[in-house]
Amino acid sequence: MALPDILKKNLRLPVLGSPLFIISHPPLVLAQCKAGIIGAFPALNARPQPQLDEWLHEIGEELAAYDRAHPDHPAAPFAVNQIVHKSNARLEQDLALCVEHKVPIVISSLGAVPEVNDAVHSYGGIVLHDVIHDRHARKAIEKGADGLIAVAAGAGGHAGTLSPFALVQEIRQWFDGPLLLSGAIANGGAILGAEAMGADLAYVGSPFIATVEARAPDAYKKMIVESKAADIVYSNLFTGIHGNYLKGSVRNAGMDPDNLPSSDPSAMSFAGGSSKSKAWKEIWGCGQGIGVVKEIVPARALIDRLAREYEEAKERLVSRFSTDKAHAA
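Residues numbered from 1 in each chain as written. Predicted model: local features only at pLDDT ≥ 70, side-chain atom pairs only at ≥ 80, totals over all residues. Heavy atoms only, no water.

Asks: Looking at this structure, how should I read the sheet that holds strand β10 (residues 232–235)?
Replies: Where strands meet in a sheet, backbone hydrogen bonds hold them as pairs that are either parallel or antiparallel. With antiparallel pairing, three strands are arranged side by side in an open sheet as β7-β11-β10. Two strands in the sheet have a free side with no partner beyond their single neighbour: β7 (157–158) and β10. Of the strand pairs in this sheet, β10 and strand β11 (residues 243–246) are connected by four bridges, and their pairing is antiparallel. Across the sheet, Val233 pairs through a bridge with Tyr245, a residue of β11. (Pairing = 2+ DSSP bridges. Helix = DSSP H or I, 4+ residues; strand = E, 2+ residues; numbered from the N terminus.)

What follows is the structure in C-alpha cells.
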C-alpha cells in the first residue's frame, strides 16, 4: 500500500514528534512542523476545553503564513492526539473541533472506535492508532484506523514490553499500510533503523522534552539531560497502565523507584487532567533513549542533529555495502 501523501509530503525526516501529555503545545508543534517533521499534541493539553479551538486556530494560521512565506520549503503537517477512554468526558467536543478545523492527522490512544475514524474520514483526514501488541493492532485496523503506531519497549509514557523487532515483524506479516515505530528512538541512526525494520516513520518523543519550546519544568529538562536508560522505571502505579518514568522524579516524590507497588487499570482517569494527581506533573514520563540527549536546545537544533545523523547513517551503510561488494568481486 502506498504511503498517504500527508505522511511524506513536506517532511525533511520520516519522523512524527509524539504528542507529549502536558508538555506539547503550539510553540513546540509549530517549531517541529517548520523544521520538517510532523508536530503533535494531545487535545487534553488545551485547558480549559475551549482553548483547543484557540490552539487549532493558532497552529493553522501560523503554518499557512509560514507556507506563504516559504513556498519552496513549506511546513510539515500536524497531528492531534485523542484519548479514547471512558474517563475522557471531552472526547466528543474535542473531536468535533478536529473536524471543524480539518486536522490532517488524528492519533487515537487507549481505545479504537469506529466513530472517531468515521469523523476524521469525513473531511479526508487520517487516523493513526497506537498499539503495544499485534492483537490490538488487528482490532484497530478492523475498526477503520488508517495506520498504526507500534509502541515498543523503551518508549516514553504508556509503553509496551515487546521488542521493536518482534512488534514490527508481526504487524508487517499482515498489514502493509502506514506503520510508525516508537521506542527509545533518539538519534538519526535509530530513525533509519526503524525504516530498515519495516516502519514508515519514527515516532520520537522524549528528546523533545529537553527543548526550549517544550512546556516542561526546567528541572524535568535537566533531569533528562543528566539521565540514561538505567534511570527509567517501568510501573503501572501512577495511572493503572504500565509506563516509563524518570526514577529521579519518583525519588523526589518520596518513593523508592525500585520497590513500587502495583495498581490497576481502574486508576486511569482523564477527568481531572491527569491520571493521578502526581502522574505526569510530578512523576515525569520518559523513554529509554535519552542517553544521547546531552543539552537543552531549540527544537530546530534537535531536528538538525537528527537529520545530520540520519544522513551519516545512510552514508555509513552505503560505504559498507560498497566495500562488501568490492571484496566479493
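Resuming the write-up.
Asks: Explain the sheet that holds strand β3 (residues 78–83) to me, please; I cannot follow it from the model alone.
Replies: Spatially, eight strands are ordered β1-β9-β8-β6-β5-β4-β3-β2 in an open sheet, and the strand pairing comes out parallel. Each edge of the sheet is formed by a strand with only one pairing partner; in this case those strands are β1 (15–17) and β2 (39–42). Between one strand axis and the next, the sheet turns through 25° on average, direction left out of account. Here strand β6 (residues 147–151) runs beside strand β8 (residues 179–182); their pairing, made up of four bridges, is parallel. Following the sheet pairing, Ala150 is matched in β8 by Leu181. The strands that helix α6 (residues 164–172) touches are β5 (126–131), β6 and β8; relative to β8, the one it contacts most, it runs at about 165°. (Axes fitted to C-alpha atoms, helices over the stretch in contact; angles between N-to-C directions. Contact = heavy atoms within 4.5 Å.)

Asks: Looking at this structure, how should I read the environment of Tyr66?
Replies: Of note, Tyr66 is situated in helix α2 (residues 51–69). Along the backbone, Tyr66 and Lys34 are 32 residues apart, and their C-alpha atoms lie at a distance of 7.7 Å. If sequence neighbours within four positions are ignored, Tyr66 has contacts with Lys34, His73, Pro74, Ala75 and Arg300.

Asks: Help me out: how do you make sense of helix α8 (residues 218–226) in this one?
Replies: Each turn of an α-helix holds 3.6 residues, which means side chains three or four residues apart point in the same direction. Within the span of α8, buried status applies to Tyr220, Lys221, Met223 and Ile224. Each buried residue of α8 sits inside an arc of 160° when the element is viewed along its axis, so together they form one side. In this structure, α8 carries Asp218 and Glu226 as exposed residues pointing more than 90 degrees from its buried face. The inward-facing, buried residues of α8 abut β11 and α9 (247–252). (Buried < 20%, exposed > 50% of the residue type's maximum accessible area, 1.4 Å probe, protein only. Arc of directions from axis to C-beta.)

Interpretation note: all reported values are geometric properties and have no functional meaning in isolation.
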